[in-house]
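# A structural walkthrough
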Amino acid sequence: MNNFRNKLAAFFYGRYGYDQLGYALFGFYIAVVIINAFVGSLILSLLGLVLVGIMFFRIFSRSIHKRRAENERFLKLWRPIAAFFKLQWDRLREIKTNRYRKCPDCKAVLRLPNKKGDHTVVCPRCRKRFDVKIRF
Ligand SMILES: [Zn+2]
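Right, let's walk through the structure included here. Keep in mind that this is a model prediction, so the values were computed, not measured. (Residues numbered from 1 in each chain as written. Predicted model: local features only at pLDDT ≥ 70, side-chain atom pairs only at ≥ 80, totals over all residues. Heavy atoms only, no water.)

## Things to note about the packing of helix H2 (residues 20–39) against helix H3 (residues 42–60)
Geometry of a packed helix pair, given as the angle between the helix axes and the separation of the axes. Across the interface, H2 lies against H3 with an axial gap of 9 Å and an inter-helix angle of 160 degrees. Overall, the two elements H2 and H3 adopt an arrangement that is roughly antiparallel. H3 is crossed by H2, and the crossing has left-handed handedness. Counted together, Leu21, Gly22, Leu25, Phe26, Phe28, Tyr29, Val32, Ile35, Asn36 and Val39 of H2 and Leu44, Ser45, Leu47, Gly48, Leu51, Val52, Ile54, Met55 and Arg58 of H3 form the full contact between these two elements. For the contact of H2 with H3, the per-class residue count stands at 14 nonpolar, 4 polar and 1 charged. (Axes fitted to C-alpha atoms, helices over the stretch in contact; angles between N-to-C directions. Helix = DSSP H or I, 4+ residues; strand = E, 2+ residues; numbered from the N terminus. Parallel < 35°, antiparallel > 145°, perpendicular 65-115°, else oblique. Left-handed = near helix turned anticlockwise from the far one by under 90°. Contact = heavy atoms within 4.5 Å. Nonpolar A, V, L, I, M, F, W, Y, C, P; charged D, E, K, R; others polar.)

In structure tokens:
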């Protein structure tokens, strides 16, 4: 058993392993498998294989710098998408207590208390004033 463990450790030594892109590929793969359970498409089956193929290729890769650069490029794309969905989620979760409004000047998103009526807001980032209407 110890021998097997040593061999395994030796095999993984110097290999890249998991990162956020790896998890995303796995997530996409699971999504494709679930969709394909309903659709039953050959193209989706192949896409699933390609996703898993890329995932394992990256895990076992010895080109650490290349894989890290790929992950950085992926995160550059992914972070704004994740931030958008997190904001939508927060808006929904706090719908009773808070309203989110974008500052028309600096585009900062402000989290305001949910008080019905017309208000003037001072943006904490750029100090500009703007009007906010909260109807419900
Ligand atoms: Zn502002």
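Now that the structure is up, let's keep going.
## As for the nonpolar core
In this structure, Leu21, Ala24, Leu25, Val32, Leu44, Leu51, Met55, Ile59, Phe74 and Leu75 together form the largest nonpolar core, which totals 10 residues. Counting residues per element, the ones that place at least two in this core are H2, H3 and helix H4 (64–93). With residues near it in sequence (within four places) discarded, Leu21 still touches Arg58, Glu70, Asn71 and Phe74. The next biggest cluster of nonpolar side chains, apart from the first, holds 9 residues, and it includes Cys103, Ala108, Val132 and Ile134. (Core = buried A, V, L, I, M, F, W, Y, C linked by side-chain atoms within 4.5 Å. Buried < 20%, exposed > 50% of the residue type's maximum accessible area, 1.4 Å probe, protein only.)

## Some details on the coordination of the zinc ion
The zinc ion binds to the protein through Cys103 (SG), Cys106 (SG), Cys123 (SG) and Cys126 (SG); the donor distances cover 2.3 Å. Geometry at the zinc ion is tetrahedral, judged from its 4 donor atoms and the angles of 107 to 113 degrees they form at the metal. All donors of the zinc ion come from a single chain, and their spacing in sequence reads C-x2-C-x16-C-x2-C. Exposure remark for Cys126: the relative accessible area of 26% places this residue in the partly exposed category. (Donors = N, O, S within 2.8 Å, 3.2 Å for Na, K, Ca; no water. Tetrahedral: all angles 85-135°; square planar, octahedral: opposite > 155°, others 65-115°.)

## Regarding the pattern of salt bridges
A full pass over the atoms with the stated rule returns 9 salt bridges. The closest approach of N and O atoms between Arg93 and Glu94, which form a salt bridge, is 3.5 Å. In this structure, Arg111 and Glu94 form a salt bridge, with 2.7 Å as the shortest nitrogen-oxygen distance. With Arg111 in strand E2 (residues 109–113) and Glu94 in the loop between H4 and strand E1 (98–102), this residue pair connects regions lying 17 residues apart in the sequence. (Salt bridge = Lys/Arg side-chain N within 4 Å of Asp/Glu carboxyl O.)

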